[in-house]
Amino acid sequence: MSVLILLCGHCGVPESAGSASFGTDVEARWSANLCHAAEEALRGTRSVEDLLTVGPDLEGQILVLEAAIRSGVDPLRIRFLDVWRVGKDAGDLIVHIRGALARMRATGGVKDSPRRSARTFRGALPRRSLLLPTVRYWAPLPRVDASRCVADAGCDLCVRACPASAIAGGNPPRIAPELCHGCSVCLAACPVAAVGHPALDFEGVEAEAGVLADGPRRTLLVACTATLVSLDSNELAAAPGPWRLLEVPSLGSLRSEQVLRLLAQGFDRIVAVGRGPCCPEGQAPFEVARALLANLGVPDRILFWNVQVGPVASDWAKALPSGGRPLPAVRSIHELALALAGSGGSAIDLPGRGAGLVTVEPDLCTFCELCAERCPTAALRIEDGDGGAVRITFDHELCDACGLCSPVCPEGALRVRSAVDPAAVGRRDRLAEDTWVCCRSCGRKVAPAAMIAVVAARLSSPAGLDLCPDCKPLRLVPSR
Ligand code: SF4
Ligand code: SF4
Ligand SMILES: [Zn+2]
Ligand SMILES: [Zn+2]
Ligand SMILES: [Zn+2]
């Protein structure tokens, strides 16, 4: 990777921000007036792979973007750091530049990635686009990895989650580029990480957050691009610091365990900054993470700020007067619950997806296997045991409460509760057990006893239910 950083003095970026060391593969060029001399600043950029623009506002960014595209830079490899959001302090800017570089390094391979063209730029409709309706901007497009997708088993979670109705069901589902507006909610909805986003995968987000956690008592502001672009320059400045700013396509593009992983990078707290309508369901992953932490005795580490409602919420300043203890670095909600509650902790209810607790009514389950076939993560399984036993088993850590399983149960025997049981981490539980009925003629398995009983109760003459399909005609219809 070779990165060119362009910094604009006219936009208030101090020259010293460009003279920090960013690595041998990075060149920083500070211009007194980048916004109005982008071509000049880009001279000799043939070998540049990635470009980071520090300073200009939205209209200025577009001028730099167009000049960069003319110089041969892939538009998907151009990132923007909004100085009018981050502030003009050289130290703060340098940390945010390093964070952006870390994300670019972690998500480098956007070349040849799917992309869409739109009249909007970073979620806003620029003046240029209004004056010249033919002007289009490029944005990365999420894609479905058909080799991971389990749509053939009945999963349609991304289709249902997409607020733009841009995903058509099918195997695999298809994302319509002209409808997708890039919110990336589908990434978080997919239980098997089959939906990806070449420029916005979580590895890059996490790498950036790791760099932004550059000291104690930091607040991480997580904001969607559209909200950031709509903020007034002084709105973030009023936030109690020190804070760092992390841009995501929408708040709903993160999963609840990812929110916790960001916090575990060493931040005192996370504030989800949103505008409301642009982030449908956006707060859900943050609500889940907040509820879990509160139940584990770590309150007020995740807060919300709806910029449409008003200025910075006063509870930021009040929260954590004496600093918070760092969270353990965990990969999942289950691991965190175990680490903080210990294996003696009782189940904690959650207000959304992230971890699930499935129960089965043993008297109703017929072991038909429909739920296990539907479960995208194999949390539910039908297994054989010793002595002709058949069981339905459940692995807690594999379940994220996606809810696909319960509607397919023909007996209404299965319940999904959004909850995590620290005592059950690492366990595959037996939810119900039965025995196979074997063919009285040849001895092959016919069906679980509970299934035979249900079928028998619905038939007027249940004769022959203990015969397999091959033996049934031979025994029930005597040969002539
Ligand atoms: S959510 Fe994931 S597994 Fe389910 S249909 Fe969409 S891409 Fe496939
Ligand atoms: S057990 Fe049910 S809720 Fe849990 S992951 Fe499987 S299908 Fe989803
Ligand atoms: Zn400028
Ligand atoms: Zn939003
Ligand atoms: Zn038989």
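First, a word on what this report is: a plain description of the structure on this page. Numbers given to residues run from 1 along each chain, matching the order in which its sequence is written. Both sets of labels track the order of writing: A upward for chains, 1 upward for ligands. Owing to the predicted nature of the model, reporting of local features is limited to residues with pLDDT of at least 70; listing and counting of side-chain atom pairs is limited to 80 or more, with chain, interface and lining totals taken over all residues. Only hydrogens and water are removed before side-chain values are computed, so all heavy atoms of the structure are retained for them.

## Some points on the site of ligand 2
Next up, step 1: The environment of ligand 2 is formed by 14 residues, the closest being Cys 375, Cys 399, Cys 402, Gly 403 and Cys 405.
Next up, step 2: Partitioned by chemical class, the residues of the shell around ligand 2 number 11 nonpolar, two polar and one charged. A single heavy atom is enough: if one lies within 4 Å of a molecule or strand, its residue is considered near that molecule or strand. Here the nonpolar group is Ala, Val, Leu, Ile, Met, Phe, Trp, Tyr, Cys and Pro; Asp, Glu, Lys and Arg are the charged ones; every other residue, Gly included, is treated as polar.

## Structural notes on the coordination of the zinc ion (ligand 3)
Next up, step 1: Around the zinc ion (ligand 3), the protein supplies Cys 8 (SG), Cys 11 (SG) and Cys 35 (SG) as donor atoms, at distances of 2.0 to 2.2 Å.
Next up, step 2: Here the coordinating atoms are restricted to nitrogen, oxygen and sulfur within 2.8 Å of the metal centre, or 3.2 Å for Na, K and Ca, and because water is not among them the sites may look incomplete. We note that the donor set of the zinc ion (ligand 3) lies within a single chain, spaced as C-x2-C-x23-C. Within this pair, whereas Cys 8 is found in strand S1 (residues 3-8), its partner Cys 35 is found in the loop between strand S2 (26-31) and helix H1 (38-41), the two being separated by 27 residues in sequence.
Next up, step 3: Type-normalised accessible area, obtained with a 1.4 Å probe on protein chains alone, sets the label of each residue: buried when under 20%, exposed when over 50%, and partly exposed for intermediate values. Accessibility expressed as a relative area gives 0% for Cys 8, which makes it buried. Only DSSP runs of H or I with at least four residues qualify as helices, and only runs of E with at least two residues qualify as strands; both kinds are numbered from the N terminus onward.

## Here's the deal with the packing of aromatic side chains
Next up, step 1: Any pair of Phe, Tyr and Trp rings, taking the six-membered ring for Trp, is counted once the centres come within 6.5 Å. Such a pair is stacked with planes under 30 degrees apart, edge-to-face with planes over 60 apart, and tilted for the rest. Evaluation of the coordinates by the stated rule reveals two aromatic pairs.
Next up, step 2: Measuring from centroid to centroid gives 5.4 Å for Phe 80 and Phe 121, while their planes differ by 85°, and the two rings are edge-to-face. Residue Phe 80 is located in strand S4 (residues 78-81), and its partner Phe 121 is located in the loop between strand S5 (115-118) and helix H5 (127-131); the two are separated by 41 residues in the primary sequence.
Next up, step 3: A relative accessible area of 13% means that Phe 80 is categorised as buried.
Next up, step 4: Arranged with centres 5.6 Å apart and planes meeting at 55°, the rings of Phe 121 and Tyr 137 form a pair that is tilted. Residue Phe 121 is located in the loop between S5 and H5, and its partner Tyr 137 is located in strand S6 (residues 137-140); the two are separated by 16 residues in the primary sequence.

## Considerations on the site of ligand 1
Next up, step 1: Around ligand 1 there are 13 residues in total, and Cys 149, Val 150, Cys 155, Cys 158 and Cys 190 lie nearest to it.
Next up, step 2: The class makeup of the residues in the shell around ligand 1 is 13 nonpolar, no polar and no charged.

## A short note on the layout of surface pockets
Next up, step 1: In this structure, the largest pocket spans a volume of roughly 1100 Å³.
Next up, step 2: Together, 45 residues line the largest pocket, and Arg 122, Leu 200, Thr 225, Glu 247 and Pro 249 are the ones closest to its centre.
Next up, step 3: Secondary-structure elements contributing two or more residues to the lining of the largest pocket are S4, helix H4 (90-106), S5, S6, helix H9 (225-230) and strand S12 (243-248).
Next up, step 4: The wall of the second largest pocket is formed by 38 residues, among which Cys 190, Ala 193, Arg 255, Glu 257 and Gln 258 lie closest to the centre.
Next up, step 5: Residue assignment for the lining of the second largest pocket shows that the elements contributing at least two residues are helix H7 (185-189), strand S10 (195-196), helix H8 (202-212), helix H11 (256-263) and helix H14 (333-341).
Next up, step 6: A breakdown of the residues in the lining of the second largest pocket according to their chemical character gives 17 nonpolar, nine polar and 12 charged. Residues are called lining when one of their atoms sits within 4 Å of a cavity or pocket point, these points coming from a 1 Å grid over the protein atoms alone, where a cavity is a set in which a 1.4 Å probe fits but cannot get out and a pocket is an open set with protein on both sides within 12 Å along at least five of seven lines. Grid points are joined across faces, edges and corners, and a volume is the space filled by probe spheres set on the points.

## Topic: the sheet that holds strand S11 (residues 219-224)
Next up, step 1: Following DSSP output, two strands are said to pair if at least two bridges run between them. Reading across from one edge, S12-S11-S13-S14 is the order of the four strands in this open sheet, with parallel pairing throughout. Two strands lie at the open edges of the sheet, namely S12 and strand S14 (302-306), each paired on one side alone. Sheet twist, expressed as the average angle between the axes of neighbouring strands with direction ignored, equals 25°.
Next up, step 2: Direction of pairing for S11 relative to strand S13 (residues 269-274): parallel, over a ladder of five bridges. Paired with Leu 221 across the strands is Val 271, a residue of S13.
Next up, step 3: Every residue pair with non-hydrogen atoms within 4.5 Å of one another is taken to be in contact. Whenever a helix is involved, its axis is fitted only over the stretch in contact; in every case the axis is a line through C-alpha atoms, and angles between N-to-C directions fall within 0 to 180 degrees. Here H8 sits on the sheet and contacts S11 and S12; the angle it forms with S12, its principal contact strand, is near 170°.
Next up, step 4: Strand contacts of H11: S11, S12, S13 and S14, with the helix running at about 130° to S13, the strand carrying the most contacts.

## Focus: the pairing of strand S3 (residues 50-54)
Next up, step 1: Within S3, five of the five residues are buried, which leaves it mostly tucked inside the rest of the structure.
Next up, step 2: Neither face of S3 is exposed, since Asp 50, Leu 52 and Val 54 on one face and Leu 51 and Thr 53 on the opposite face are all buried.
Next up, step 3: Alignment of S1 against S3, held across five bridges, turns out to be parallel. By the bridge assignment, Ile 5 is partnered in S3 with Leu 52.
Next up, step 4: Sheet topology places S3 next to S4; four bridges connect them, and they run parallel. Directly across from Leu 52, in S4, lies its bridge partner Arg 79.
Next up, step 5: Call a crossover right-handed when, viewed with both strands pointing away from you, the route from the first strand across the helix to the second goes clockwise. In terms of handedness, the path from S3 via helix H2 (residues 58-70) over to S4 forms a crossover that is right-handed.

## Let's talk about H2
Next up, step 1: In this scheme, a helix's expected span is set at 1.5 Å multiplied by one less than its residue total. In a regular helix each residue adds 1.5 Å, so 13 residues correspond to 18 Å; H2 covers 18 Å between its end C-alpha atoms and thus fits that length.
Next up, step 2: Turning to H2, its buried residues number three or more, namely Leu 58, Gly 60, Gln 61, Ile 62, Val 64, Leu 65, Glu 66, Ala 67 and Ala 68.

## Side note on the nonpolar core
Next up, step 1: The biggest cluster of nonpolar side chains holds 38 residues, and the ones touching the most others in it are Val 222, Leu 262, Ile 270, Phe 286 and Leu 292.
Next up, step 2: Considering each element in turn, this core owes the most residues, five residues, to helix H12 (residues 284-295).
Next up, step 3: In contact with Leu 262, other than residues within four places in its own chain, are Phe 202, Val 205, Glu 206, Ala 209, Leu 220, Leu 246, Leu 254, Phe 267 and Ile 270.
Next up, step 4: The set of buried Ala, Val, Leu, Ile, Met, Phe, Trp, Tyr and Cys residues whose side-chain atoms join them within 4.5 Å is what this entry labels a nonpolar core. In terms of nonpolar packing, the next biggest core, distinct from the first, is built from 32 residues, Leu 101, Leu 228, Ala 239 and Trp 243 among them.

## Overview of the side chain of His 396
Next up, step 1: As for its position among the elements, His 396 is in the loop between strand S18 (389-395) and strand S19 (414-420).
Next up, step 2: Judged by its relative accessible area of 4%, His 396 is buried.
Next up, step 3: Among the polar contacts listed, one links the side chain of His 396 to the side chain of Asp 429, at a separation of 2.7 Å.
Next up, step 4: Not counting chain neighbours up to four residues away, the residues in contact with His 396 comprise His 334, Gly 356, Leu 357, Asp 421, Ala 424, Arg 427 and Asp 429. Whenever two N or O atoms come within 3.5 Å, that pair is a polar contact, provided that in protein one can donate a hydrogen and the other can accept it, and provided that, for residues adjacent in sequence, both atoms are side-chain atoms.

## Description of the pattern of salt bridges
Next up, step 1: Salt bridges are identified by distance alone: a Lys or Arg side-chain nitrogen within 4 Å of an Asp or Glu carboxyl oxygen. Scanning all chains against the criterion turns up 29 salt bridges.
Next up, step 2: Here Asp 384 ties to Lys 445 by a salt bridge, and the two come within 2.5 Å at their closest N and O atoms. Of this pair, Asp 384 sits in strand S17 (residues 380-385) while Lys 445 sits in strand S21 (residues 445-448), placing them 61 residues apart in sequence.
Next up, step 3: Accessibility expressed as a relative area gives 45% for Lys 445, which makes it partly exposed.
Next up, step 4: The partner of Arg 458 in a salt bridge is Glu 411, and the shortest N-O contact between them spans 3.9 Å. Of the two residues, Arg 458 is situated in helix H16 (residues 449-458) and Glu 411 in the loop between S18 and S19; the sequence distance between them amounts to 47 residues.
Next up, step 5: Here the salt bridges share partners, and the residues they tie into one network are Asp 92, Asp 214, Arg 218 and Arg 244.

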